[in-house]
Amino acid sequence: MTGYIDPMDMSFDDAYPILAAMRGTHPLRVRRYEKSVERFRSFSDRFIRPIALEVDRKSREDHDYLCWDFCRRAAEERMLSVVIPPMFGGGGGDVFELCFMFEEMCAACTGLANIIGAHYLGFSGMAAGMNLELLGRISQEIVDGEKRGEPILMSAAHTEPSAGSDVEDEHAMHSARVYTSAEKVDGGYLINGTKIFISTGHFATWHMVSAYKDTKDPLNTGIGAMVRTGDKGFEMVKHEHKMGQRACPASMLTFEDCFVPAENTIVTDTRDFFERILFVLGASRVGVAAIGVGCARGAYEKAVETARTTRFKGRFLIDEQWVQQILADMLANVMIGRALYLSAGMCEEVNGLMSLLSNPAMVWMQALSPEAVLMSSPFQGIARSRIMTRIFNGALGSIELRRRQRGQAHSSAAKYMATDLAMKNANLAMEICGASGLEQASGVEKYFRDAKLLQIYEGTNQINRKHVWDSLIARNTTM
């Protein structure tokens, strides 16, 4: 057999040459990224790979199975607060560190990784509301839970039985059939309706629920309501039966006169809520692109493993030129997807929701202030004040349309390209592995099942192509 380097031993410079090139000008930042990749890869090797197939099997046999042990381990390892700002007790990571986490975890198991991914989708929905008192309060609850080894997870409850991708597209929102209502009452809102396909719904403590003061005009009347598991009128009804990513439940949630106090709501006055949803999608689709790359990489690694250990007519498959050609294509697909999410991540850091958290003044203030100062009552009082909330809302609202379109177009393009490449690599892995790839014990067919869902959630890939058209092409080519 020819010489072979295990793909898991690929160096940071091999995997991320764009970032490695920044070492001369940003050595501390690049070193932080290197440590983050090492940390997330170690977590995946210890806590995901050993259980991935067993959890998938249990979830297939028992649709009500929930892998709480994994969630507790994620909490103990501080995986739930990576991007929470230091002023709220979190790790202060940026969009790239979140992407590294998703890629490393999804290369091991896209289903288990999506429990973490859906948590951050819910968190980003709350963060986009820029209610800093609420953000600080729930962030602190997540961090305190990690210290106890208790997972405080979040979900984003947006999809409805009769409105899927419609609620993510401005033009479709005019006719979207939404039924989750928000009725203003003394002290808050009463929420009524149903949400479906809510990733990690049965694991989550907090749910960021989109509702509408006028369901006939969802574009202009949306609000965000933070509902806690156990609240009166809120119920988790069932898990959906899924083909892939079984470890992460897709839940049906119902609300029947569920009261949400005013302090647990976000963006309740104008059509700003829909624009905040677009900010969230601009950030989250970068993450889904990284998820796609992780899935594509996992399929590639399984194909390499099979090729180096399987003989055909006395020769190892990996010594066959046709196999080498396919493996080269598979690795190139990983490289392409990774380059796309890095590019989209840079665009998001400058133009999107994350631009507020990566503001240099804020970064240095948090970096230079001791933890005792950041967590002190006077500092927290300022950080969570109405004045700071107005300042941050104003900053987010001041990002002009062209910048928002730029960020959303690049994230949408990265999302659909990377997830399509994941599906392509899953197909190529099956081609190399042949009949053995169909066996559940191989792990190859799992990447095939997991990859398909990536093309559907966070807006179908067709909707994401439409966003690229609307944001960058139509404005220059149509009257």
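What counts, and where the lines are drawn
For every chain, the first residue of the written sequence is number 1, and numbering continues from 1 along that sequence. In view of the model being predicted, local features appear only for residues whose pLDDT reaches at least 70, and side-chain atom pairs are presented and counted only at 80 or more, with totals across whole chains, interfaces and linings using the full set of residues. Side-chain calculation: all heavy atoms of the structure are included, whereas hydrogens and water are not. Each Phe, Tyr or Trp ring (for Trp, its six-membered ring) is paired with any other whose centre lies within 6.5 Å, and the angle between the two planes then decides the class: stacked below 30 degrees, edge-to-face above 60, tilted in between. Lysine NZ or arginine CZ positioned within 6 Å of the ring centre and within 35 degrees of the ring normal marks a charge as sitting over the ring. Nonpolar cores were defined as sets of buried Ala, Val, Leu, Ile, Met, Phe, Trp, Tyr and Cys residues, with membership established by side-chain atoms within 4.5 Å. For every residue, the accessible area (1.4 Å probe, protein chains only) is compared with the maximum for its type, and the residue is labelled buried under 20%, exposed over 50%, or partly exposed between those bounds. A run of DSSP states H or I qualifies as a helix once it reaches four residues; a run of E qualifies as a strand once it reaches two. Both are numbered from the N-terminal end. Only heavy atoms enter the contact rule, under which two residues are in contact if any of them lie within 4.5 Å.

K.L.:
Would you take a moment to explain the packing of aromatic side chains for this structure?
P.N.:
Centre distance and the angle of the planes are the two values used to describe a pair of aromatic rings. Across all of its chains, the model carries 9 aromatic pairs by this definition. Put simply, the rings of F12, Y16, Y33, F96 and F100 pair up and form one aromatic cluster. Over the face of the ring belonging to Y189 we find K184, whose NZ or CZ atom lies 5.5 Å from the ring centre. R338 extends its terminal NZ or CZ atom over the ring of Y16, reaching a point 4.9 Å from the ring centre.

K.L.:
Teacher, can you tell me more about the nonpolar core here?
P.N.:
The tendency in soluble globular proteins is for nonpolar side chains to be buried side by side. Of all hydrophobic cores here, the largest spans 127 residues; its most connected members are Y16, F100, M101, F123, L327, M330 and Y341. Sorting elements by how many residues they give to this core places helix α11 (residues 272–309) first, with 20 residues. Those residues in contact with L327 that sit more than four places away from it in its chain are Y300, A303, V304, A307, I318 and I432. Core analysis: the second largest hydrophobic core is formed by 15 residues, I191, V209, A211 and A225 among them.

K.L.:
Quick question: what am I supposed to make of unusual backbone geometry here?
P.N.:
It is generally the case that most residues other than glycine have a negative phi and that most peptide bonds are trans. Even without being glycine, Q245 reaches a positive phi, approximately 50°. Topologically, Q245 is positioned in the loop between β6 (234–239) and β7 (250–261). Classification of Q245 by relative accessible area gives buried; the value is 0%. One non-glycine residue with positive phi stands out, namely K313, at about 55°. Within the secondary structure, K313 is located in the loop between β9 (311–312) and β10 (315–316). Using a relative accessible area of 75% as the deciding quantity, one classes K313 as exposed.

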